[in-house]
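Listed here are the chains, written in short residue letters.
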Amino acid sequence: MTTARDGLQQFLDESTRDISCLKILEAGCGSRSNIRFGDCVHWVGIDISAAQLDRNVGLSEKIMDDVQVHEFEPSTFDMVVCWDVLEHLKDPEAALVRFAAATKPGGLIVLKIPNLHSLKGQLTKLLPHGFHVKWYHTRAPVHQSCGRGSVSHLSASQHCAKGAAEVRCTCAARCSV
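How each quantity is defined
- Residues numbered from 1 in each chain as written.
- Predicted model: local features only at pLDDT ≥ 70, side-chain atom pairs only at ≥ 80, totals over all residues.
- Heavy atoms only, no water.
- Helix = DSSP H or I, 4+ residues; strand = E, 2+ residues; numbered from the N terminus.
- Buried < 20%, exposed > 50% of the residue type's maximum accessible area, 1.4 Å probe, protein only.
- Contact = heavy atoms within 4.5 Å.
- Core = buried A, V, L, I, M, F, W, Y, C linked by side-chain atoms within 4.5 Å.
- Patch = residues over 30% accessible without salt bridge, like charges linked within 9 Å, V, L, I, M, F, W, Y side chains within 5 Å.
- Areas by Shrake-Rupley, 256 points an atom, 1.4 Å probe, with all protein chains shown as cover.
- Salt bridge = Lys/Arg side-chain N within 4 Å of Asp/Glu carboxyl O.
- Pairing = 2+ DSSP bridges.
- Right-handed = clockwise from strand over helix to strand, strands pointing away.
- Phe/Tyr/Trp six-rings, centres within 6.5 Å; stacked < 30°, edge-to-face > 60°.
- pLDDT = per-residue confidence, 0-100.

Caption draft 1: A look at the overall build of the chain. Counting secondary structure elements, the chain contains five helices and seven strands. In the chain, the succession of helices and strands from N to C terminus is α-β-β-α-β-β-α-β-α-α-β-β. Relative to its 177 residues, the chain shows a buried fraction of 38%. Once local pairs closer than 6 in sequence are excluded, the contacts in the chain between residues at least 24 apart make up 56%.

Here you go:
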């Protein structure tokens, strides 16, 4: 059975096969990545935790800062990956605008967010934050996605005049933008 993660991996492999060496930003990178790429990758990770950055051995470059305020060089990355981070931010729109500005024209922005309508999503909203942290930090390193709106494939094109990202969904189903 193909999972949503498998479908995303296949989509990314196909979308990046013509790029000889990818430059990827992993926003809120934590201690590991959730996506695989070939050998020629310049992987930049940004996180607010020095400890998480120290544990992430796969990064080429490490930035300790907040994705909501960090000034990335414009049109730098072939891809921005943001996995289970936006739901923790006070201003996720600010982060998305920064991701879009940092993405090369025609580049990809990959977002994974939890399905807030699932049972797990509903319970997470009702339980204390400490339970949420314990739940997510004690699960297996690679979660299986339910596939119901939890993985979005976004392609960032040219930026709009006011700096907002023009984003379109490039998958057939189950994406919300």
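Caption draft 2: Layout of the nonpolar core. Among the nonpolar cores identified, the biggest contains 19 residues, and Leu 25, Ile 46, Val 67, Phe 77, Cys 82, Leu 86 and Phe 99 are the most heavily contacted of them. A per-element tally of this core places helix H3 (residues 92-102) first, with four residues. Those residues in contact with Ile 46 that lie beyond four places of it in its chain are Leu 25, Glu 26, Ala 27, Gly 28, Cys 29, Ile 63, Asp 65, Asp 66, Val 67, His 70 and Phe 72. Core analysis: the second largest hydrophobic core is formed by 16 residues, Leu 12, Ile 24, Met 79 and Val 110 among them.

Caption draft 3: View of a nonpolar patch on the surface. A cluster of nonpolar side chains, namely Leu 119, Leu 123, Leu 126 and Leu 127, defines an oily patch on the protein surface of about 420 Å² accessible area. Along the polypeptide, Leu 127 turns up in the loop between helix H4 (119-126) and helix H5 (129-138).

Caption draft 4: Here's a closer look at unusual backbone geometry. Positioned with a positive phi, Ser 75 is a non-glycine residue whose angle comes to about 50°. Along the chain, the position of Ser 75 falls in the loop between strand S3 (61-64) and strand S4 (77-83). With phi around 55°, Asp 84 is a residue other than glycine that occupies positive phi space. Along the polypeptide, Asp 84 turns up in the loop between S4 and H3.

Caption draft 5: Quick look at the environment of Gly 58. Within the secondary structure layout, Gly 58 lies in the loop between helix H2 (50-55) and S3. When the C-alpha atoms of Gly 58 and Val 41 are compared, they prove to be 9.9 Å apart, with 17 residues separating the residues in sequence.

Caption draft 6: Up close: the pairing of strand S2 (residues 41-47). Of all the seven residues making up S2, six are buried; the element is thus mostly covered by neighbouring parts of the structure. Summarising the sheet, strand S1 (residues 22-27) and S2 pair through six bridges and their orientation is parallel. Bridge pairing links Lys 23 to His 42 in S2. Pairing of S2 with S3, which is carried by four bridges, proceeds in the parallel orientation. Following the sheet pairing, Gly 45 is matched in S3 by Lys 62. Following the backbone out of S2, through H2 and into the adjacent parallel S3, one traces a crossover that is right-handed.

Caption draft 7: Highlighting the pattern of salt bridges. Following the criterion strictly, the structure yields three salt bridges and no others. The salt bridge involving Arg 98 is made with Glu 71; its shortest N-O contact spans 2.8 Å. One end of the pair, Arg 98, is in helix H3; the other, Glu 71, is in the loop between S3 and S4, with 27 residues separating them in the sequence. Owing to a relative accessible area of 23%, Arg 98 belongs among the partly exposed residues under this scheme.

Caption draft 8: Representation of the packing of aromatic side chains within the structure. Here the structure, examined in full by the defined rule, presents two aromatic pairs. On the numbers, 6.3 Å between centres and 85° between planes, the contact of Phe 72 with Phe 77 is edge-to-face. For Phe 72, a relative accessible area of 12% puts it in the buried group. Its relative accessible area of 4% is what places Phe 77 among the buried residues.

Caption draft 9: Quick peek at the confidence of the model for the chain. Per-residue confidence for the chain gives a mean pLDDT of 76; residues scoring 70 or more make up 72%. Below pLDDT 50 for its whole length, residues 137-177 participates in 77 contacts with residues either more than four positions away or in separate chains.

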